[in-house]
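Analysis of the macromolecular model
Below, each chain spelled out in residue letters.
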Amino acid sequence: MKKKIGKILKFVLLPLFIAGLMLILISNKLVSNESKDCYTSVTEIPESDVALLLGTAKYRKNGGRNLYYRYRMEAAVKLFKAGKVKAIICSGDNATRYYDEPSTMKADLVKMGVPASLIYLDFAGFRTLDSVVRSKEIFSQTSITVVSQSFHNERALYIAYHKGIKAIGFNAQDVTRSYGLKTQAREFLARVKTILDIHFLNTEPKFLGEKIRINF
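Throughout what follows, the structure given in this document is the object of discussion. Note that the structure is predicted; figures quoted are calculated from it, not measured.

Helix and strand counts for the chain come out as six helices and six strands. Element order for the chain, N to C, with α for helix and β for strand: α-β-β-α-β-α-β-α-β-α-β-α. Across the 216 residues of the chain, 44% fall into the buried class. Counting every atom, the chain has about 12100 Å² of accessible surface; 58% of that belongs to carbon and sulfur. For the chain, the separation between the mean place of its 34 positive charges and that of its 19 negative charges on side chains is 9 Å.

And the structure:
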């Protein structure tokens, strides 16, 4: 019985494990190699009409402040106050009446000095792919500056390039390795899903809808 189990592990599970690992490594490499237009300096980044601010929860499950959120907000405000963007799209999840990322982001941006009239809400940014594609299909933007952490910007830019959108990224401050360990681990799987979505599944946003005009 033990020998039989050993053969199964050797000839079935091990090849599957190796194939899965190779898929993760290849996906990560593809996304990284095609996503070089990310900036960390507000003085060096080119101007764009619109920033696409990718959403996340304001608070962690344990109730503490989410640093990913805080740093993205600070980066978006920095871009706006430096005159590098004219308007901001807050794109995130609005799954229930009690969880509303876009409205929360807008409220905090206003507190930080961004005029409410120049902030637009995308309530159907359930995934990064949805947020990026909807910036073109709903908000009619074919050139955007994506605001998030570097690992996230790389994936967003990869999606943009393959969806006919000219995009650059502005990297928000990153978190420490220990703080972001789970997020970084999930990112490897997210990149695999991105490759499948773009090249094999032709995945589209969950919702589209009527167009929203952005006025400066």
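Let's pick the thread back up.
Taken in spatial order, the six strands of this open sheet run S1-S6-S5-S2-S3-S4, and their pairing is parallel. Here the strands that pair on one side only, and so sit at the sheet edges, are strand S1 (38-39) and strand S4 (119-122). Note that strand S5 (residues 143-148) and strand S6 (residues 166-171) share six bridges and pair parallel. In the strand pairing of S6, Ile 144 is matched with Ala 167. Packing against the sheet, helix H3 (residues 101-111) makes contact with strand S2 (50-54), strand S3 (87-91) and S4, and its axis sits at approximately 165 degrees to S4.

One broad rule of soluble globular proteins: the nonpolar side chains tend to lie buried together. One finds Leu 53, Leu 79, Ile 88, Cys 90, Leu 109, Val 114 and Val 147 to be the most contacted residues of the largest nonpolar core, which totals 29 residues. Counting only elements with at least two residues in this core, the list comes to S2, helix H2 (67-81), S3, H3, S4 and S6. Tallying contributions element by element places H2 first for this core, with nine residues. The contacts of Ile 88, once residues within four sequence positions are left out, are Ala 51, Leu 53, Ala 76, Phe 80, Leu 109, Val 114, Leu 118, Ile 119 and Tyr 120. Formed by 24 residues, the second largest nonpolar core is a distinct cluster that contains Val 133, Ile 138, Tyr 158 and Ile 159.

Here we take up unusual backbone geometry. In this structure, Ser 140 is a non-glycine residue whose phi angle is positive, near 60 degrees. If you trace the backbone, Ser 140 turns up in the loop between helix H4 (128-137) and S5. Residue Ser 140 is classed as partly exposed on the basis of its relative accessible area of 45%. Residues other than glycine seldom take positive phi values, yet Asn 202 does so here, at roughly 50 degrees. Structurally, the position occupied by Asn 202 is in the segment after helix H6 (181-201).

Thresholds, definitions, all that
- Residues numbered from 1 in each chain as written.
- Predicted model: local features only at pLDDT ≥ 70, side-chain atom pairs only at ≥ 80, totals over all residues.
- Heavy atoms only, no water.
- Helix = DSSP H or I, 4+ residues; strand = E, 2+ residues; numbered from the N terminus.
- Buried < 20%, exposed > 50% of the residue type's maximum accessible area, 1.4 Å probe, protein only.
- Areas by Shrake-Rupley, 256 points an atom, 1.4 Å probe, with all protein chains shown as cover.
- Lys, Arg positive; Asp, Glu negative; His and termini not counted.
- Charge placed at Lys NZ, Arg CZ, Asp CG, Glu CD.
- Pairing = 2+ DSSP bridges.
- Contact = heavy atoms within 4.5 Å.
- Axes fitted to C-alpha atoms, helices over the stretch in contact; angles between N-to-C directions.
- Core = buried A, V, L, I, M, F, W, Y, C linked by side-chain atoms within 4.5 Å.

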